[in-house]
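# Survey of secondary and tertiary structure
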Amino acid sequence: MLLTSIITVFMAFIGRGYGEWALVWEDNFDGQSLDKTKWTYETGAEPKWGNHQLQYYTEDRRENVRVENGHLVIEARPEPMDKSQFTSGRLHTNNGWTRGRFVVSARLPKGKHLWPAVWIMPTQNTYGNWPASGDIDIFQFRGQKSDTVEAKAQYGGPYPNHTVSVSPLTKFTDLSVGFHTFTFEWDETEMRWLVDGQQYFMVDVHRDLWSHKGVDPYTQIGQPFDKPFYLILNVAVGGDYFPVDVYGPQVTPEEAKQWPKPTMEVDFVRVYQQK
Ligand SMILES: *[C@@H]1O[C@H](CO)[C@@H](O)[C@H](O)[C@H]1NC(C)=O
């Protein structure tokens with residue numbers, strides 16, 4: 001398995017003849033607290049987020065977001081806050097990057113209706129409202145199926161006239177056990193998604209990305225993926241992403257007390273760009 005991974009990474013590297021990737025930004029979470037020169041909290045509850053999520057995102061509260069033992073920890077908790085029954089944390093980088101290789105090492109949560117994500121969003125809505133200017137999930141994950149991830153890119157026009165390129169739900173090992181690397185590579189021709197060095201999804205971006213619904217927001221091929229995007233880390237709870245017929249009714253605070261692992265632990269976030 002290790003040898004296969006090494007060969008896969010090596011083949012990927014020599015096969016495509018990219019420029020060399022150079023590290024341009026990183027957080028290894030080695031300090032005592034969150035580095036606010038790098039990160040900003042996103043706070044509050046629905047209807048801010050869409051999808052009928054259940055959590056309230058707090059600010060500067062150790063119970064939900066803390067740096068300890070060299071890791072960033074984001075914890076979802078069954079506890080009332082304002083009108084919500086759960087609290088959790090959501091952060092975004094202060095920087096944005098146009099193209100790059102984003103690598104996140106993380107141990108993911110496990111438990112009913114836990115919904116962590118690492119994703120990127122445009123710093124400005126240059127091509128119009130969501131998701132005309134782009135929205136990419138480096139991964140989405142459901143705490144009930146802790147060996148399965150999903151990659152997604154949304155673009156093409158404003159909702160509901162957009163295109164969704166989504167990977168199949170792809171099975172790996174149990175990602176709530178130990179740290180795993182989630183890599184997203186984005187250059188002028190392609191986007192590639194990898195878990196532990198194994199590529200499982202690709203989108204060609206060297207083309208007209210308009211959905212051909214409504215008005216064309218773009219003038220050139222490759223748009224909207226020619227502008228800077230910032231990175232978001234969060235652990236959401238519940239919402240429309242967990243259809244009742246597949247995942248059962250909404251998680252209750254009582255059930256949530258049985259979550260085996262209510263935390264996402266992040267060892268590092270690194271961003272590389274081509275020289
Ligand atoms: C979506 O496309 C339809 C035509 O197909 C158009 O009437 C409508 O205004 C568009 N909506 C948005 C939000 O662009």
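In the nomenclature of an unreviewed UniProt entry, the chain corresponds to GH16 domain-containing protein from the organism Medioppia subpectinata. Listed under Sequence similarities (unreviewed entry) in UniProt, the entry text for the chain is "Belongs to the glycosyl hydrolase 16 family."

The subject of this paragraph is the pairing of strand E15 (residues 180–186). Counting buried residues in E15 gives six out of seven residues, a clear majority hidden from the surface. Here strand E9 (residues 100–107) pairs with E15 via seven bridges, running antiparallel. In the sheet register, Val104 faces E15, and the bridge partner there is Phe182. The pairing of E15 with strand E16 (residues 190–195) spans five bridges and is classified as antiparallel. Paired with Phe182 across the strands is Val195, a residue of E16. In textbook terms, the turn of a hairpin is the stretch between consecutive antiparallel strands, and for E15 and E16 this stretch comprises three residues.

So, on to the layout of surface pockets. Estimated volume of the largest pocket: approximately 520 Å³. As for the largest pocket, its lining consists of 23 residues, and the residues nearest its centre are Trp49, Asn51, Trp115, Trp119 and Asp135. Looking at the lining of the largest pocket, the elements with two or more residues in it are strand E10 (114–122), strand E11 (135–141), strand E12 (148–155) and strand E18 (229–237). By residue class, the composition of the lining of the largest pocket is 11 nonpolar, five polar and seven charged.

Calculation rules
Residues numbered from 1 in each chain as written. Predicted model: local features only at pLDDT ≥ 70, side-chain atom pairs only at ≥ 80, totals over all residues. Heavy atoms only, no water. UniProt positions renumbered as here; feature names shortened; annotations may be inferred. Buried < 20%, exposed > 50% of the residue type's maximum accessible area, 1.4 Å probe, protein only. Helix = DSSP H or I, 4+ residues; strand = E, 2+ residues; numbered from the N terminus. Pairing = 2+ DSSP bridges. 1 Å grid on protein atoms, 1.4 Å probe; cavity = no way out; pocket = protein on both sides within 12 Å on 5 of 7 lines; lining within 4 Å. Points joined across faces, edges and corners; volume = space filled by probe spheres on them. Nonpolar A, V, L, I, M, F, W, Y, C, P; charged D, E, K, R; others polar.

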